[in-house]
Structure formats: C-alpha cells, structure tokens
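Listed below are the residues making up each chain.
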Amino acid sequence: TDPNTMVQSFYNGEIDILGGDPPASELESMLSNDSISVKTSLWPSRIYLLFNFDRPPFDKPEVRQAIALAMDNDEILAKAQKGQGQSASTFLSPVFDWAVASEYAKPATDVEKAKQLLEQAGLTPDKNGFYLRATLDIFQYNVYQDIATVIKDQLAKAGIDITINVSDYAAWEASVGTERKYDLSILGGYQGPDVGAIASRVGTTGPSNMMGYSNPALDKALAEGAALVKQEDRKAKYAEVQKILSEDLPIVPISEYVGSNPVQAYVKGDPSSEEAVQHTAFSEYSYVWLDK
C-alpha cells in the first residue's frame, strides 16, 4: 500500500507488474532500465480547469478568456507533472485526431492581453495590483495540488490572486459538484471511447457539467454529431462544437493523460504490449505469460 515500498519492490524484482503509472520521478529511470519494459500510450483522458458560471465575474467571457490567456500549459506539464503526459491545447482529445479542429484551440499565453480583458470586463486593480481574487477548489490528489500551485503563480502575473482550497473528494463533490459553491476548480477523467463523450462534460444535462454552463447551439451540435455515423459527416459537427467551446470557454484544457505500464522485461502479453493491445482492456491481464 506504500507507493515507495511498491516501487522499490518492483526494482528488486519482487513484483512482476507495477500495475499502473509509476511516480513521475521514477519514469526516466524505468525507461532507461533494460530489465524493465515500459509501454506508453495516449488515452482520451484529460485534466482541465472549470469555471462556476453562477459566480460573477466568471459569467463574463472576458474573465474566462483572460484566465485562459494567463495559463501556460507547457509550464504546468513541466513543473507540476514533471513532463508525464502531454500539454493540451484543443477542446477535444487528440486521440480523436480526425475530429480535432486545431483552429479552435486554447489561446496562446499572453499576460498583457489577459489584463486588458479583465479591464474590459470592468475590473480595476487594487493597491496590490490584483484585479480579482478567487478560490481554486480541488480534492486531495497530488498532481492536482501541484497543478493548482503553478496556476496560482501564473494567474498572479495577470493580476489574479488565487487561494487554493484542498478537501477530500466527498467534500469537494458536495461543494463543487452539487452545491456549486466555488469559483474555479480542476477536474480530469476519461472522455471516450467515442468523441461524443465530451457531451457529458459540457452539455447542459451532462453529469460532469459542474459549471452551470448551457448553450442550446452546443447541445444541438452535440446531439447531431452523436446521431451521425461516418467520420466525414461527424467532423463538421464537432468542428462546430469546438468553435463554440473556444468562444464560450466553460473549461480550459490543461493536459492529456499518457498512460505508462511498467512490467518486468520477461512479462509478455500485458495490456499495453504488442501481443495483447488489440485484445484487452487497460487493466486486463488475461493474455499475460512469464518468459523467463
């Protein structure tokens, strides 16, 4: 149950399969170890920032755009996630490359433009230079706490003072998911196996729409995209979805999940291996054998 003991036992050969992602600090060591096999793959799972549309001034698009402009996802990935993953820029997972419309992406970092947008929203800086003070509510999960710390530093440069509130998952779900008593939050999770799963995150009735966000045009495009079959037909609908999301910014994508599955080199047929990848789920070990 202790992650440090688990990793050391794996290095000692006492464990055949680590059973999930290694600590970020150990990934390079495992990749360079000939006795360990590490397969990595991009999954339609991502981390993103969300806004509470019921809390002014986050109901103003200029404020949401300013926050997106102040964020630097490459820096977040490098500092908070130690490079483990992939910086996100589009509003759909790049796993669905056929549907991604890169012209509707998160805006490039521009702190000065962020400040201009805050002023356009009617905000003025206080004596400390802050246009806005807000809370960032997260649940206890190491990478979220590190991500929140980097975001806090980034937003401070644009004149936004962030207070990070950390709670256990049950308390977070109650305050953010049910009661919506928050300003900003961080969430992640699976957005597959079909591109249409984005509806559960941003659709008006989506179970993971914790923002209070609703746009009838988006709901219509999501419904039409889900009803079509051919990729070439669906592509136009999901381009429309991405255009709306890039304008409304109910969320800001942060990073993509790249799964790593370390096993001892003698383990064959693990879920990420060439032998089994087309036949198993991510945590299914039905095909495993030991080639010692």
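Quick summary incoming for the structure in this document. (Residues numbered from 1 in each chain as written. Predicted model: local features only at pLDDT ≥ 70, side-chain atom pairs only at ≥ 80, totals over all residues. Heavy atoms only, no water.)

## Focus: the overall build of the protein chain
At step 1: In terms of helices and strands, the protein chain carries 10 helices and eight strands.
At step 2: Against the compact-globule benchmark of 19 Å for 292 residues, the protein chain has a radius of gyration of 21 Å, which places it among compact chains.
At step 3: Considering only contacts in the protein chain between residues 6 or more positions apart, those separated by 24 or more positions represent 71%.
At step 4: By element, 49% of the accessible surface of the protein chain is carried by carbon and sulfur atoms, the whole surface being about 13,900 Å². (Helix = DSSP H or I, 4+ residues; strand = E, 2+ residues; numbered from the N terminus. Rg over C-alpha atoms; globule rule 2.2 N^0.38 Å. Contact = heavy atoms within 4.5 Å. Areas by Shrake-Rupley, 256 points an atom, 1.4 Å probe, with all protein chains shown as cover.)

## Observations regarding the pattern of salt bridges
At step 1: By the definition in use, this model includes 12 salt bridges.
At step 2: For K79, the salt bridge is made with E75, and the minimal N-O distance between the two is 2.9 Å. Remark: E75 and K79 occur in helix α4 (residues 73-80); sequence separation between them is four residues, near one turn of the helix.
At step 3: We classify K79 as exposed; its relative accessible area is 51%. (Salt bridge = Lys/Arg side-chain N within 4 Å of Asp/Glu carboxyl O. Buried < 20%, exposed > 50% of the residue type's maximum accessible area, 1.4 Å probe, protein only.)

## Quick look at α4
At step 1: Within α4 the residues assigned to the buried category are N73, I76, L77 and A80. In an axial view of α4, the angular spread of the buried residues amounts to 105°, which keeps them on one side of the axis. Counted as exposed and oriented over 90 degrees from the buried face of α4: D74 and K79.
At step 2: Where the residues of α4 are buried, they touch β2 (86-87), α6 (142-157) and β6 (251-264).
At step 3: Here α4 starts with a cap whose side-chain oxygen sits 3.1 Å from the backbone nitrogen of D74, and that cap is D72.
At step 4: Phi turns positive one or two residues past the end of α4, at K82, with a value near 55°. (Arc of directions from axis to C-beta. Polar contact = N/O pair within 3.5 Å; in protein donor to acceptor, adjacent residues only side chain to side chain.)

## Here's the deal with the pairing of strand β4 (residues 160-167)
At step 1: Pairing analysis gives eight bridges linking strand β3 (residues 132-139) to β4, with the strands arranged parallel. Across the sheet, residue L132 finds its bridge partner in β4, namely I160.
At step 2: The β-α-β motif built from β3, the intervening α6 and the parallel element β4 has right-handed crossover chirality. (Pairing = 2+ DSSP bridges. Right-handed = clockwise from strand over helix to strand, strands pointing away.)

## Some details on the nonpolar core
At step 1: L49, I67, I151 and I186 are the most contacted members of the largest nonpolar core, which has 66 residues in total.
At step 2: Of all the elements, α6 adds the most residues to this core, at seven residues.
At step 3: If you look at the next biggest cluster of nonpolar residues, it comprises seven residues, including F10, L18, I36 and V38. (Core = buried A, V, L, I, M, F, W, Y, C linked by side-chain atoms within 4.5 Å.)

## Details of the packing of aromatic side chains
At step 1: Enumeration according to the criterion identifies six aromatic pairs in this entry.
At step 2: Seen in terms of ring centroids, F139 and W172 are 4.9 Å apart; in terms of plane orientation they differ by 70°. Their pairing is edge-to-face. Here F139, found in strand β3, pairs with W172, found in helix α7 (residues 169-178); they are 33 residues apart in sequence, far enough to count as distant.
At step 3: Using a relative accessible area of 0% as the deciding quantity, one classes W172 as buried.
At step 4: With a centroid separation of 5.6 Å and 35° between ring planes, the pair formed by Y169 and W172 is classed as tilted. Here W172 and Y169 lie together in helix α7, a separation of three residues that amounts to about one turn.
At step 5: Ring pairs connect the aromatic residues F139, Y141, Y144, Y169 and W172, which therefore count as one cluster.
At step 6: The residue whose ring lies beneath K292 is Y266, and the NZ or CZ to ring-centre distance is 4.5 Å. (Phe/Tyr/Trp six-rings, centres within 6.5 Å; stacked < 30°, edge-to-face > 60°. Lys NZ or Arg CZ within 6 Å of the ring centre and 35° of its normal.)

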